[in-house]
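Survey of secondary and tertiary structure
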Amino acid sequence: MDLTDLDLFADGFPHPLFDELRGGPVVWHEPTEHTPGGEGFWVVTRYADVLAAASDPAVFSSAGGGGRAGGGTLIEDLPAGFAAGVLLNMMDAPRHTRFRRLLAPCLSPRALHALRDDLQARADGIVRAAVAKGECDLLVDVAAELPLQAVAHLLGVPQEDRHRLLAWANTTLDHADRDLGESTERTRAAAAEMSAYGTALLARKRADPGDDLLSVAVHGTVDGGPLTELEQQMLFHLLIAAGSETTRNTFALGVQALIDHPSAWHALKADPSLLPSAIEEILRWTSTTPYNRRTVTRPTTLNGAALSPGDKITLWWASANRDPSVFPAPHTFDITRTPNPHLAFGRGPHFCLGAPLARLELHALLTSFLTHITALTPTAPPTFTRTNKHTGLRHMPVLLTPTGPGRA
Ligand code: HEM
């Protein structure tokens, strides 16, 4: 087993391997030639164990600890004070709680309610344009567009800049030609351009605030003072990446699941009231954030494994979401599955802040699909991203057959 060999993830998430791992305890992953820092880490695959660790942030830190110099939520250590402890998702309480509280109102279901009609109109426009093309790249033409437009709106980024931001985010997230923890000239250049863009954008928000999340971030206070410039900059990077990458992957792989399970597609077409449970099943099935890491802060045990301060420990949401002790027939795609307590958005204090937005985007896009499309036919196999950090696609060529007169 080598969970740091990205070739293992080149065709999607390796479920058979995780089925085997779930049969055993929390396991220690020895380092391999691909493992960043040359050190091992714990692998947590069962639902109950993932839930227990995610719910105990004092022992399982998102920032770091236990004497370790770096930290964060990736297998590779990120520098403390630069990413770990500075990015919202790589912080611990109490600052994390207050930072999150500052932003939460911008992403609450109430705030998003006002966006609902706008998102549906955008989704309809995107899907109609793709249908007009006939054969399209579902990932690029449809799945990427709505989350990108939505996050640009949310952050107050001019819509005409969104494709540049997406290209930089793709480059920094892709691992087509590198191992975990490695950077290339291309990834460093993209990160630098994104930072320069973020610096200028944040300066504009400081001077001329708008009605958007970044304006709230630069003018709000946490612990009696403003967020540091680095915290603001990192928040911009986090939201562009989190807002654009995960939802597009979930939508595209969800459509793939509907192509692979025509009876589910027909059931949804016949009864759109199944949409909410279908969306939860798509989230469980696709689990596009496969894992997040924590750092052990004090001696403890987890399902019999003795963990030491400073140990890295990885929580595999995608594996927990196929645990047969919680999900009967976990490898069956069942759009009527209830209850469906999946962990696709994580759990505990770092539960995805964008979950209501992601659900709304998925609802809008699928509603447009059910209205405007009668059949989906792949014209070439999809291309997956080669990484263990996101399960996703870069291309998905399909032929969209429009709903028309006389068609169901
Ligand atoms: C289907 C789409 C999405 C999935 C599967 C997903 C998944 C996740 C997961 C698993 C976490 C927990 C990380 C951890 O515990 O270490 C998380 C956190 C987060 N997500 Fe999402 N996400 C999605 C969409 C979004 C969107 C659209 C946004 C923003 C526009 C967003 C913003 C965030 C933020 C800010 C956090 C950190 C919250 C915190 O640390 O308090 N996500 N997401």
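Residues numbered from 1 in each chain as written. Predicted model: local features only at pLDDT ≥ 70, side-chain atom pairs only at ≥ 80, totals over all residues. Heavy atoms only, no water.

An unreviewed UniProt entry annotates the protein chain as Cytochrome P450 originating from Actinocorallia herbida.

Examining the pattern of salt bridges
In total, this model carries 20 salt bridges according to the counting rule given. Glutamate 231 is the partner of arginine 95 in a salt bridge, and the nearest nitrogen-oxygen pair spans 2.8 Å. Highlighted residues: arginine 95 in helix α3 (residues 95-103) and glutamate 231 in helix α11 (residues 229-260), separated in sequence by 136 residues. Taking the relative accessible area as the measure of exposure, arginine 95 reaches 22% and is therefore partly exposed. Given a relative accessible area of 5%, glutamate 231 falls into the buried group. The partner of aspartate 161 in a salt bridge is arginine 164, with the nearest N and O atoms 3.5 Å apart. For arginine 164, a relative accessible area of 45% gives the class partly exposed. (Salt bridge = Lys/Arg side-chain N within 4 Å of Asp/Glu carboxyl O. Helix = DSSP H or I, 4+ residues; strand = E, 2+ residues; numbered from the N terminus. Buried < 20%, exposed > 50% of the residue type's maximum accessible area, 1.4 Å probe, protein only.)

Side note on the coordination of the iron atom of the ligand
A lone protein donor binds the iron atom of the ligand: Cys352 (SG), at 2.3 Å. Locating cysteine 352 in the fold gives a position in the loop between α14 (317-320) and α15 (355-372). (Donors = N, O, S within 2.8 Å, 3.2 Å for Na, K, Ca; no water.)

What to know about unusual backbone geometry
With an omega of 5°, the peptide bond between alanine 93 and proline 94 qualifies as cis. With an omega of -5°, the peptide bond running from threonine 338 to proline 339 counts as cis. Position of proline 339 relative to the elements: it lies in the loop between α14 and α15. Look at alanine 329: it is not a glycine, yet its phi comes out positive at around 45°. Tracing the backbone through its elements, the reader meets alanine 329 in the loop between α14 and α15.

Thoughts on the pairing of strand β10 (residues 312-316)
Of all five residues that make up β10, five are buried, and the element is covered over most of its length. Neither face of β10 is left uncovered, since the one carrying Lys312, Thr314 and Trp316 and the one carrying Ile313 and Leu315 both have all their residues buried. In this structure, strand β2 (residues 41-44) lies alongside β10, joined through three bridges in parallel fashion. Note on β10: the bridge partner recorded for tryptophan 42 is isoleucine 313. Strand direction decides the pairing type here: strand β7 (residues 291-296) and β10, joined by five bridges, are antiparallel. What sits directly across from arginine 293, in β10, is threonine 314. (Pairing = 2+ DSSP bridges.)

Considering the sheet that holds β2
In a beta sheet, neighbouring strands are held together by backbone hydrogen bonds and run either parallel or antiparallel to one another. Taken together, the five strands give an open sheet; going across it, the order is β1-β2-β10-β7-β3, and neighbouring strands pair in mixed fashion. For this open sheet the edge positions go to β1 (27-29) and β3 (60-61), each flanked by a neighbour on one side alone. Where β3 and β7 come together, two bridges link them in antiparallel fashion. Its bridge partner being in β7, phenylalanine 60 is matched across the sheet by valine 296. Against the sheet, helix α2 (residues 47-54) engages β2, β3 and β10, with an angle of about 125° to β10. (Contact = heavy atoms within 4.5 Å. Axes fitted to C-alpha atoms, helices over the stretch in contact; angles between N-to-C directions.)

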